[in-house]
Each structure stands twice: as C-alpha cells, then as structure tokens.
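Architecture at a glance
Below are the chains, spelled out letter by letter.
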Amino acid sequence: MKWIILLVCVYCIKATLEPLSKEEKKKKKEKKEQKPVLKSVGERGLVNTEPQSYSEITKNYKKYSRNHVDKKMFNGDLLGFVTPWNNHGYDVAKTFGAKFNYISPVWLQLVPTSQGTFKIKGGHDIDAGWVRDVRANNTNVKIAPRLIFEQWSMGHLTQVTSSQSELLHMVQVVVEFFKGEKFDGVVLEIWRQFMGREKPRLHQIIKSLSEGLSQEGMSTLLVIPPGVRPFPEIFDKYDFQILHPYVEKFVMMTYDHHHATGKPGPVGPMDWGLRNILLIMEHEDNDNHRHKLLYGVHFYGVDFRGDGTFDAIVGNQYIDMLKSVKPSQFVWHLKASELSFEYRDTKQIHKVFYPSLRFLQKRIEAAERFKIGIAIWEIGQGLDYFYDLL
C-alpha cells in the first residue's frame, strides 16, 4: 500500500514539474488573454472599420468590458432569443441580462391532438433555476418564451376559429400553462406556417390569445415574416394596423435572405431589412406605433461552398475557422453592411459571412434612427464583445 501511495506522489510531482507542450502553452496564453477588460470595444477602436487581420477578432472576441456589463447602451427595446441546443445563450442572458427588455427561450410548441384538443409540448426544456437567475440580474426583464404552432393544418385553423368553445379551450390551455410557469408573456410564431392565408382567422386567434393573456397580466409578441422581395408579402401594413392594439411587439425576421435567393450572399442585408420596416410604416396610423417593431438581427453566419451547398455557423465555429484558414483579407459589403471573406480548401472555394462589430453598430444606429427596437436570433450564436454595443 505504501508503495502505491509513493508511486502516485512521484507521478503527481512529475506531472507538475514537466514543462507544458507548445500547444498547451498556447491554450493557456489564449485563455489568460481572453478575459473581460475595462475599456469597451468602442474605446479600443475596434468598431468602425473592417478588421485589419483575422487575429484582431480572435484575440478580442471574448474581451467584453466589465464596466459595460450592466449598462444598456442601445436606446430601444431589446429582445434576445435563447435556444436549448446552444447553451452559450443561457450564459449570455445571465451575464448581460441588464441590457435586455425581453428574453425569449425557444422551448414550446402548441400542438393539436387527435381528440380535437390542444397541448403544449417542450415543457421538459424549461429551466426554472435559469429563469430565476436571469430575473435576479434584471428585475424588469420579461421572460416570454416562443410558442410555435406545430402540426397545424388549414383544417385545424378553420376548426378552431369556427367554434367558440374550441377557441376558448385553446386560449385556456395557453394561458393556464404560461400562468403556471410564471412567465411574463409569449412570443407567438403562427403567421409563416400558413403563408398569410386565411388572414381573418389568424387575426382571430392572435386577438383571442392576446385578450386571454392580458387578463392575467401577460404580454403578447408576434413573429412576422419579411415582405420585400425575394420574399412574398404575406404580412403587410394592414395586418399591422389590425393587430397593433393586441400585440406589444412585432418581431420581424429580417434575416435568412440567402434562403430565398438560393445564392451566396449577405444573410440579412441591412438595405433590404430597412425596406421591410418602411413597408409596414407606409400606413399613416402605423407610423405612430413604430416603437412596437423589433428589427430582426442575426448573430449567426453562413459558410457558402462552391458546389452550391451551405451551412450556418455560430461564434465558436467562426473563431475556429478564422484560426484555421487565416484569411488574408475581409470584404465589407456597403449596402448590406455585412462582412465576408473567402478561402479555398482542397476541393473548392468558400465564401463566409458572419456578423462583426461594425455590422452590429450599423443596425443599432438604424434602429435608433427609425425609433424601433431590435430582436436578436440568437444570443448564444454571437461573440461576447458584441454586447459592449448593446
């Protein structure tokens, strides 16, 4: 037994005294360098130009300002989506919670059953401890989980809006669930599923849910699709006019532009995004309610390959890619206000778009100029130093 103890002690001493490998030293140095700092990204001169090199990003992306963690810099309402498949978002919501007016975890689905009733799925993802932590950091933040209408057909839509009892039952299911979980509201995602068809029925469901939730002191927010080409205009200024008395915030999905074009290019071009905002504001009455609009800003990127395929990438993947391919230059797309670079692997050329500090600053300035808010999809996908600007 003594021999065993002696061997273990010798091993521990040897492991302690052995010099670190070159790779271990590099990792240790990077970890030490990537701690929060006093000055913000603006004070360090990192915002208003394109990165001079890839290392400007890789050496700074975790260096957010300790002095700005609890300061809200954006002069508008801010919503952050959080997804259970990207745990970093949970940490961001706690660390930078003071900056947000709304946090929307993507947990829940409203599903019709074969018995003609409704149930809410996804409750297993709810993290009550995390919700308490977020509220502890910001007593004014509203926790409003997204509720997506899944497995709904046109038949379900017609059935529930043709029967007052079924409509009331659906509202009761939602209200009781959200009240039971002590949430502050809901972000409804229903419009895109029906591509804007049967609008009066969609209006009816949204109004009924809003009235039921409002009676219990909860807010209703609504996800709306973009309406400027290459997307069809399935939500328009008249829908906004009808629904704004019932909806606290409209979350406009001004991203995924590349899905509609089918071509490599900016993910959420700012010139196109702002045209979508203006389309809603064309109606005179709507202009008085512009503060209800949240401009959708993506925190993910896209890696377009030469063969026509592409993949979404998030912050840690982007950083790994920069360190691996070491791009020699970046391209700033002026109208789109997005940053990209190209690289070649053994098979083909890649074109990569991912948000930057300048990308975010331009959208913040536009939102403040238009007197609207911002909704981020989603906060775990970005880089930590982005939050100095928000």
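Residues numbered from 1 in each chain as written. Predicted model: local features only at pLDDT ≥ 70, side-chain atom pairs only at ≥ 80, totals over all residues. Heavy atoms only, no water.

When helices and strands are tallied, the protein shows 14 helices and 16 strands. Against the globule reference of 21 Å for 390 residues, the protein gives a C-alpha radius of gyration of 24 Å, in line with a compact fold. Principal axes of the C-alpha set define a box for the protein whose edges measure 80 × 60 × 45 Å. Taking all 390 residues of the protein together, the buried fraction comes to 53%. (Helix = DSSP H or I, 4+ residues; strand = E, 2+ residues; numbered from the N terminus. Rg over C-alpha atoms; globule rule 2.2 N^0.38 Å. Buried < 20%, exposed > 50% of the residue type's maximum accessible area, 1.4 Å probe, protein only.)

What follows is about helix α6 (residues 154-162). Among the residues of α6, Leu157, Val160 and Thr161 are the ones counted as buried. Looking straight down α6, one finds its buried side chains confined to an arc of 95°; they lie on one side. Next to the buried residues of α6 lie β4 (118-121), α7 (164-180) and α8 (199-215). (Arc of directions from axis to C-beta. Contact = heavy atoms within 4.5 Å.)

What follows is about the sheet that holds strand β12 (residues 310-313). With respect to topology, 5 strands assemble into an open sheet ordered β12-β11-β15-β14-β13, the strand pairing being antiparallel. The sheet terminates laterally at β12 and β13 (331-333), the two strands that pair on one side only. Shown here is a sheet whose adjacent strand axes are inclined to one another by a mean of 25°, direction ignored. Inspection of the sheet shows strand β11 (residues 301-305) paired to strand β15 (residues 349-353) by 4 bridges, in the antiparallel sense. Bridging from a neighbouring strand, phenylalanine 304 pairs with lysine 351 of β15. Most of the contacts of helix α13 (residues 315-325) go to strand β14 (residues 338-344), to which it runs at about 45°, and overall it touches β11, β12, β14 and β15. (Pairing = 2+ DSSP bridges. Axes fitted to C-alpha atoms, helices over the stretch in contact; angles between N-to-C directions.)

A few words on the environment of proline 327. Relative to the helices and strands, proline 327 resides in the loop between α13 and β13. Assessed through its relative accessible area of 6%, proline 327 is described here as buried. Setting aside chain neighbours within four positions, we find proline 327 in contact with Tyr54, Leu322 and Phe341.

Its 12 residues place the ends of helix α11 (residues 270-281) 17 Å apart at the C-alpha level, agreeing with the 16 Å of an ideal helix rising 1.5 Å per residue. The element α11 is largely enclosed, with a buried count of 9 among its 12 residues. By the burial criterion, the buried members of α11 are Met270, Trp272, Gly273, Leu274, Asn276, Ile277, Leu279, Ile280 and Met281. (Expected span 1.5 Å × (residues − 1).)

Moving on, we get to the sheet that holds strand β10 (residues 293-298). If you trace the 11 strands from one edge of the open sheet to the other, you get β4-β3-β6-β7-β8-β9-β10-β16-β1-β2-β5, paired in mixed fashion. Both edges of this open sheet fall to β4 and β5 (142-143), since each of them pairs with a single strand only. Judged from the 5 bridges that link them, β10 and strand β16 (residues 373-377) form a sheet pairing that is parallel. Residue tyrosine 295 lies in a different strand from β16, and its bridge partner there is isoleucine 374. Contacts from α7 reach β3 (108-112), β4, β6 (146-149) and β7 (185-189), with the element oriented near 25° to β4.

A separate point is the pattern of salt bridges. Between side chains of opposite charge, pairing is possible as soon as their charged atoms come close. Inspection of the entire model under this criterion finds 16 salt bridges. Between lysine 199 and aspartate 236 there is a salt bridge; the shortest N-O distance is 3.3 Å. Taken together, the residues span a long stretch of sequence, with lysine 199 in helix α8 and aspartate 236 in the loop between β8 (219-224) and α9 (237-243) at a distance of 37 residues. Each of Arg146, Glu189 and Arg192 takes part in a single network of salt bridges with overlapping partners. (Salt bridge = Lys/Arg side-chain N within 4 Å of Asp/Glu carboxyl O.)

Now for the pairing of β6. The alternating pattern of β6 places Arg146 and Ile148 on one face and Leu147 and Phe149 on the opposite face, and all of these are buried. Bridging between β3 and β6 involves 3 bridges; their strand directions are parallel. Each residue of the ladder has a partner; that of leucine 110, found in β6, is phenylalanine 149. Bridging between β6 and β7 involves 3 bridges; their strand directions are parallel. Along β7, the bridge assignment pairs isoleucine 148 with glutamate 189.

Geometric descriptors of this kind do not, in isolation, establish any biological role.
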